Each structure stands twice: as C-alpha cells, then as structure tokens.
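An overview of the molecular structure
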Amino acid sequence: RSQPSGAAETWRDIRTRTSALNEIRPGKGMDRSAKNISNINMPGLTDLTLEISQWGLALYPPGATFGPRVLKDYEFVWIIDGETIWTCDGTERPAPPGTVLLACPGMKDAFRWDPLNQTRHAYYHFRIKRRPKNFPLEERWPRVLQLPPGDIVRPLWRHMAALRGAGRPGLE
C-alpha cells in the first residue's frame, strides 16, 4: 500500500497515454453494511429489475491499491475525491473525480488510487434480475463516464443511500 518511487511520474504518463479512453462525456475502511434493496424498477424501463447486493463508501490512503479481482456481479464505482487508474481486462483507464465506472461479471479489474491524495469513492454491486427486450447489448455499455455538472447520477446515489438509511455523509 505504500507509494512506489516514481509513482507520480508514472501516473502522469498513464493519464496522458490513456486520456482518449475517457471520451464518453455527456456534456482504511469500507462500509460494507448494507440493507438489501431488491427489485428496483426504473421509471421508463418497467421491465428492468435490479438487485443491489452490496454498497458503501470507501476511503483509501495515498498510493493504495485494490485488486486484482474477478467480478461476480455488476459494480458501479463513483470517484468522489482523488484520482485512480482503473485497470479493466488489461486496459488502464484514468478516473478523476466525477467519474463513474461500470464493471461487469467476469471482468478482471484492479485500482491504483491517487499516489498523492486520499481517494474516496462510492460503490454499488448489483445483479440484473430482469431486463427489457430492447435493452442495449452489454458490450455497448460505457465502462467509463465523466459526469457533467448538474447530472442526475450523483443525486440518485445520494437518494439511494438515504433510502438505505445511510443518510448522506461523504456523498457531497
């Protein structure tokens, strides 16, 4: 978990080399205590049913790493503070604050958290119990999304945390 020498230089090199991967732009503790929210139906997507199995807010010290691991379910990761390099199936992707990552079952991923600052992120693990017939193919889903100012995603995450009885601490 300690920062390797030269990590800041490597960090900049990776961000420069992989900046095109963030092209989809529309304009030491983990809290693993989760109440089960199941059968979340999305307005307008009446045939989409999700089951959230785990969620939380995680803080990592400068230079920490997580993984590699192979996902058994889907996971959204919202980078709140700090930066990370997310390696997904061998591809490195920079994720500055305001980025949402999507990992899918069977993917192998790992995180290298900001070498200079604490990183804070929220996450949701979920399964898709039912999907609409016309739902896009999984391989077309964006894996990295930089949220624009005024997006609906962050308020939705705060609302889901409130529904689960977690309030809003850390999800500013």
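To keep things clear, this report deals only with the structure shown in the data block.

Thoughts on the overall build of the protein
Within the protein one finds two helices and eleven strands. Each helix (α) and strand (β) of the protein, taken in turn from the N terminus, gives the series α-β-β-β-β-β-β-β-β-β-β-β-α. Surface summary for the protein: the accessible area is close to 9,500 Å², and the carbon and sulfur share equals 54%.

With respect to helix α2 (residues 153-163)
Three or more residues of α2 are buried, namely R154, W157, R158, M160 and A161. Looking straight down α2, one finds that the buried residues subtend no more than 160° of arc, so they occupy a single side.

Brief notes about the nonpolar core
Ranked by size, the top nonpolar core spans 36 residues in total, and within it Y74, W78, W86, L101, Y124, F126 and I128 carry the most contacts. The element contributing the most residues to this core is strand β3 (residues 45-60), with seven residues.

Brief notes about the side chain of H125
On the secondary structure map, H125 appears in strand β10 (residues 119-130). Taking the relative accessible area as the measure of exposure, H125 reaches 7% and is therefore buried. Within the local environment of H125, its side chain forms a polar contact with the side chain of E75, the two groups lying 3.2 Å apart. If sequence neighbours within four positions are ignored, H125 has contacts with E51, I52, S53, Q54, R69, L71, D73, Y74 and E75.

Side note on the pairing of β10
Here β10 lies mainly inside the structure; nine of its twelve residues are buried. Judged from the seven bridges that link them, strand β5 (residues 74-81) and β10 form a sheet pairing that is antiparallel. For E75, the partnering residue across the bridge sits in β10 and is H125.

Some words on the pattern of salt bridges
Side-chain pairing between opposite charges can occur once the charged atoms of the two side chains come close. Within this structure, the stated rule accounts for five salt bridges. In this structure, the salt-bridge partner of D109 is R69, at a minimum N-O distance of 2.7 Å. Linking D109 in strand β9 (residues 108-113) with R69 in strand β4 (residues 65-70), this pair joins segments that are 40 residues apart in sequence. Here E92 and R112 are joined by a salt bridge, their closest N and O atoms 3.5 Å apart. Of this pair, E92 sits in strand β7 (residues 91-95) while R112 is found in strand β9, placing the two residues 20 residues apart along the sequence.

Thoughts on the sheet that holds β9
Spatial ordering of the open sheet is given by β4-β9-β6-β7, a layout of four strands whose pairing is antiparallel. Edge positions in the open sheet fall to β4 and β7, since each of these has one partner strand only. The average undirected angle you get between the axes of adjacent strands in this sheet is 15°. Note: strand β6 (residues 84-88) against β9, five bridges, orientation antiparallel.

A look at the packing of aromatic side chains
Here the distance between the centres and the angle between the planes together describe a pair of aromatic rings. Scanning all chains against the criterion turns up ten aromatic pairs. Consider the rings of Y60 and W113, whose centres lie 4.6 Å apart with planes at 15°: the pair is stacked. Linking Y60 in strand β3 with W113 in strand β9, this pair joins segments that are 53 residues apart in sequence. Take Y60 and W113: they sit in the same class, and that class is buried. Arranged with centres 6.4 Å apart and planes meeting at 45°, the rings of F66 and F111 form a pair that is tilted. One end of the pair, F66, is in strand β4; the other, F111, is in strand β9, with 45 residues separating them in the sequence. Residue F111 is classed as buried on the basis of its relative accessible area of 4%. An aromatic cluster is built from Y60, F66, W86, F111 and W113, whose rings are joined through pairwise contacts.

Here is what the cut-offs are and how they apply
- Each residue is numbered by its place in its chain's sequence as written, counting from 1.
- For this predicted model, a pLDDT threshold of at least 70 governs which residues receive local features, and a threshold of 80 or more governs which side-chain atom pairs are given and counted, while totals over whole chains, interfaces and linings are taken from all residues.
- The basis for every side-chain value is the complete set of heavy atoms in the structure, and neither hydrogens nor water enter the calculation.
- Each helix is a run of H or I in the DSSP string that is no shorter than four residues. Each strand is a run of E no shorter than two, and both are numbered from the N terminus.
- Method for areas: the Shrake-Rupley scheme with a 1.4 Å probe, in which residue coverage is limited to the protein chains shown.
- Under the scheme applied here, a residue whose accessible area is under 20% of the maximum for its type counts as buried, over 50% as exposed, and between as partly exposed, the area being computed with a 1.4 Å probe on protein chains only.
- The arc in question is the one spanned by the directions pointing from the helix axis to the C-beta atoms.
- Here, the term nonpolar core denotes a set of buried Ala, Val, Leu, Ile, Met, Phe, Trp, Tyr and Cys residues that are joined through side-chain atoms within 4.5 Å.
- Distance and chemistry together define a polar contact, namely a pair of N or O atoms within 3.5 Å, with one atom able to donate a hydrogen and the other to accept it when in protein, and with adjacent residues in sequence counting only for side-chain atoms on both sides.
- Whether two residues are in contact is decided by their heavy atoms, any of which lying within 4.5 Å being enough.
- Pairing between strands is defined by DSSP: at least two bridges between them are needed.
- Just to be clear on terms, a salt bridge is a Lys or Arg side-chain nitrogen sitting within 4 Å of an Asp or Glu carboxyl oxygen.
- Interaxial angle, 0 to 180 degrees, is taken between N-to-C directions of lines fitted to C-alpha atoms, where a helix line uses only the stretch in contact.
- Stacked, tilted and edge-to-face are the three classes applied to pairs of Phe, Tyr and Trp rings, where Trp contributes its six-membered ring and a pair requires centres within 6.5 Å; stacked means planes under 30 degrees apart, edge-to-face means over 60, and tilted covers the rest.

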